[in-house]
Amino acid sequence: MAFEPFMQLLRGIQGRRAQGIGGIQNSHQMAYLRHLQKEINKEDAMHVPLNGLNVVVFDIETTGFSPEKGDSILSIGAIKMCGAKMLEEQEFYSLIQYDKEIPPNIVQLTGITNEQVSTAPPLADILIKFFEFIGDSTLVAHHATHERTFMQFASAKLFKTSFKHRIVDTSFLYKIVEPHFQNVALERLCEHNGIPIVDRHNALGDAKMTAMLWSIYLEKSLKIGCETLNDVYNYFARM
């Protein structure tokens, strides 16, 4: 599989950025990077049994909701899972450099201060480390549109390529199990399932709570006959 060459190329890009040369150097490298991004998806997770599926559950905190209008990622948190088991020793968390003033309401919501992000690593460096952490796993996020939008924007801006990783939205699981729930907030789902709300609006804290929800609803999905992601999507399409 082409994942390791892909990571070697990203490290090379990171090195050139650090030296001030900047970006991908020619069209051949850009084409190669896009090709390797596609290679990551060839191992289709859709048919892997859910109880053995490797996922990375992640969350981001941002300055707002619109990267195209200048909003930025302030932190990324993630934890690995195999099936319904959370691998607590395999976590990822980092603040991300931001050279503007964080809106006061975001400081209050997340607890992230301007001082903290002023000395944090740049987004390009953290994304490369995050890609290394993900490996070949499938990504999971709660109401994933937010994460997908920022990841796609950052990948296009920093690496001149599309963000190709699959992100599975938790709503596909909880809606097939409890169809009366529609776009339910993370804390409400946690309360409904008896999950303590800890470190809300901290990227790693939210990722851990999302992982607990994924575990619960994965087990419930298996009980209604969904053994793979393909089964989940087919079940959802029939609702």
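Residues numbered from 1 in each chain as written. Predicted model: local features only at pLDDT ≥ 70, side-chain atom pairs only at ≥ 80, totals over all residues. Heavy atoms only, no water.

- Under an unreviewed UniProt entry, the name given to the chain is 3'-5' exonuclease, and the organism recorded is Lysinibacillus telephonicus.

**Some remarks on the sheet that holds strand β5 (residues 167–169)**
Next, step 1: Across the sheet, which stays open at both edges, the five strands sit in the order β3-β2-β1-β4-β5 with mixed pairing between neighbours. At either margin of the open sheet sits one strand with a lone partner, and together these are β3 (85–95) and β5. Within the sheet, the average angular offset between the axes of one strand and its neighbour, ignoring direction, is 30°.
Next, step 2: By the bridge criterion, nine bridges tie strand β1 (residues 54–62) to strand β2 (residues 73–82) in an arrangement that is antiparallel. Counterpart to N54 in the pairing with β2 is C82.
Next, step 3: Lying on the sheet, helix α9 (residues 203–223) is in contact with β1, β2, β3, β4 (138–141) and β5; it crosses β2 at an angle near 30°. (Pairing = 2+ DSSP bridges. Helix = DSSP H or I, 4+ residues; strand = E, 2+ residues; numbered from the N terminus. Axes fitted to C-alpha atoms, helices over the stretch in contact; angles between N-to-C directions. Contact = heavy atoms within 4.5 Å.)

**With respect to the confidence of the model for the chain**
Next, step 1: Per-residue confidence for the chain averages 88 on the pLDDT scale, and 82% of its residues sit at or above 70.
Next, step 2: Confidence over residues 18–26 falls short of pLDDT 50; this stretch has 13 contacts with residues more than four positions distant or in other chains. (pLDDT = per-residue confidence, 0-100.)

**A look at empty space enclosed by the protein**
Next, step 1: For the structure shown, the criterion picks out one cavity of 30 Å³ or more.
Next, step 2: Empty space within the largest cavity amounts to approximately 30 Å³.
Next, step 3: Every residue lining the largest cavity is listed: T170, L173, Y174, L213, W214 and Y217.
Next, step 4: Of all the elements, α9 adds the most residues to the lining of the largest cavity, at three residues. (1 Å grid on protein atoms, 1.4 Å probe; cavity = no way out; pocket = protein on both sides within 12 Å on 5 of 7 lines; lining within 4 Å. Points joined across faces, edges and corners; volume = space filled by probe spheres on them.)

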